[in-house]
Amino acid sequence: MQFLFGIRKNERQLYNVCDALVVGNFVGKQALAAISSTGSLIFLLVGFFSGMFSGVGVVISRFFGAKDDDMIRKSVGNAVAFSIAAGIVLSLVGVIFTPNLLQLMGTPDSVFTDAVNYVRTYFGGMIFIVIYNAANGIFQAVGDSRHPLYYLLVSSITNVILDFIFVAFFDMGVTGAAIATVIAQAVSVFLAFWRLSHINEIYRLNIKFIRFNPYIIKQMLFIGLPAGIQNSVIALANVIVQSNINVFGDTAMAGCGSYSKIEGFAFIPIMAFSISMTTFISQNLGAKQYERAKSGARFGIITSCILAEIIGIIFYLFAPQLISLFNRDVDVIQIGSLQAHTITFFYFLLAFSHCLAGILRGAGKSTIPMFTMLICWCVIRVTYITIMTHYFKNIQVIFWAYPMTWALSSSFFLFYYKQKNIFSNQVYELKR
């Protein structure tokens, strides 16, 4: 059941894929390039708060496992209060600084206007994404996986329908696609908070608890801040990578962007296991079920790696057909397929790193994955690309940066996991 949360947490990916499919087929290659090239920028700003709200799930699930009803109520209220404040800040920052950030990325003039319109509109409704992150963290913590899945289905269908209406019929281009996404996200927020405010459960949302509690905020920041920093720094590295891809022109941007949408579907089950491991480990440590936490971690690692590799093989075999769903330009398909054929066999390394990171966060060791991914996925990846592209003007050099740095992070996580027994009678209590 916990696995479904990872699917729900990747709702943004599903929205972006819908936007890319409709825009790529009804508007054209340049519009597809505009949307595709903005993913890393959007995650740069969204990723920080997404990581932060992983702390919400860990804290609430720990109290839930310990059956501390009073602290559950206070934690739920704090999560909502924090999300409202964070959503307002993120929306303002995104709308104001979008053109500057896209210029820093070296976005070509041919797609710059469309990219600005898409990102600005998207960030205009960013408050809905941030607030929903809080709601999803609450559902995740208490084990309610069914209702978030229902909200995903409703909001995704809404997004697809509105994409066709705004883009295909009203010819609103990338702006219409962004508006469709914002409306769909608002629908999911409404559905989630309607349930949270009407259920007869201990985690019911009560207005009087929507306030900042210094102790609970401190606990959430302790777990969530490293994850937020990790997400942002990785996203910053990806922005730099995207800048190097932009040098190869809008065809490369469209091809790589199309591949990234396909990869996003592989990322969904990977993140599902990572997120579920965080909650599972946290709940069991809160309940002092150490052996159950250990066996569950082992199952999660093995299953996520096998599933990721199966998906990778499928993507490798059908890469040209999958890329062509977004755009039928021969050069776009060629570049997207080249990236898929370089990377997809190594998805098991990506799954291993994320699963171990989720386990460590659930055990209260969130700084370990932060520093590991900071060094491997940011410093080493950017350094490699900067040096290699200076001497080799070949886009495949950029593609190889991913499996190489996944291998490095996986090696370190394996070493740490073998050396440190994080489940040996350790109690991570959250005291008043």
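Higher on the page you've got the structure.
Residues numbered from 1 in each chain as written. Predicted model: local features only at pLDDT ≥ 70, side-chain atom pairs only at ≥ 80, totals over all residues. Heavy atoms only, no water.

A.B. asks: Mind laying out the overall build of the protein, listing which residues take part and the relevant values?
C.D. replies: If you tally the helices and strands in the protein, you get 19 helices and zero strands. Across the 432 residues in the protein, those meeting the buried criterion constitute 59%. Of all intrachain contacts in the protein linking residues separated by at least 6 positions in sequence, the fraction that spans at least 24 positions is 84%. Summed over its atoms, the accessible surface of the protein is roughly 17300 Å², and 67% of this surface lies on carbon and sulfur atoms. (Helix = DSSP H or I, 4+ residues; strand = E, 2+ residues; numbered from the N terminus. Buried < 20%, exposed > 50% of the residue type's maximum accessible area, 1.4 Å probe, protein only. Contact = heavy atoms within 4.5 Å. Areas by Shrake-Rupley, 256 points an atom, 1.4 Å probe, with all protein chains shown as cover.)

A.B. asks: Now, about helix 8 (residues 126-142): what can you tell me, with residues and values included?
C.D. replies: The terminal C-alpha atoms of helix 8, which comprises 17 residues, lie 25 Å apart, in line with the 24 Å expected from a rise of 1.5 Å per residue. Of all the 17 residues making up helix 8, 15 are buried; the element is thus mostly covered by neighbouring parts of the structure. (Expected span 1.5 Å × (residues − 1).)

A.B. asks: If you had to explain the pattern of salt bridges to someone new, which residues and values would you point to?
C.D. replies: In the structure shown here, the tally under the stated rule is one salt bridge. When the shortest N-O distance is used, the salt bridge between K74 and D70 registers 3.3 Å. Here K74 pairs with D70, and both are found in helix 6 (residues 69-104), just four residues apart, close to one helical turn. (Salt bridge = Lys/Arg side-chain N within 4 Å of Asp/Glu carboxyl O.)

A.B. asks: Any details on the environment of N78? Residues and values, ideally.
C.D. replies: Along the chain, N78 falls in helix 6. Relative accessible area serves as the criterion here: at 1%, N78 is assigned to the buried category. Setting aside anything within four residues of it in sequence, one finds N78 in contact with F209, R211, F212, N213, I216, I217 and M220.

A.B. asks: Please give an account of the packing of aromatic side chains that cites residues and values.
C.D. replies: If you walk through the whole model with that rule in mind, you get ten aromatic pairs. Ring centres 5.9 Å apart and planes at 45° place the aromatic pair Y118 and Y122 in the tilted group. Taken together, the positions of Y118 and Y122, both in helix 7 (residues 109-124) and four residues apart, correspond to about one turn of that helix. The burial state of Y118 is the same as that of Y122; both residues are buried. Residues F315 and Y347 carry aromatic rings whose centres are separated by 6.4 Å and whose planes lie at 90° to one another, so their mutual orientation is edge-to-face. With F315 in helix 13 (residues 290-317) and Y347 in helix 16 (residues 347-362), the pair connects residues that are 32 residues apart, well separated along the chain. A network of ring pairs unites the aromatic residues F315, Y347, Y402 and W406 as a single cluster. (Phe/Tyr/Trp six-rings, centres within 6.5 Å; stacked < 30°, edge-to-face > 60°.)

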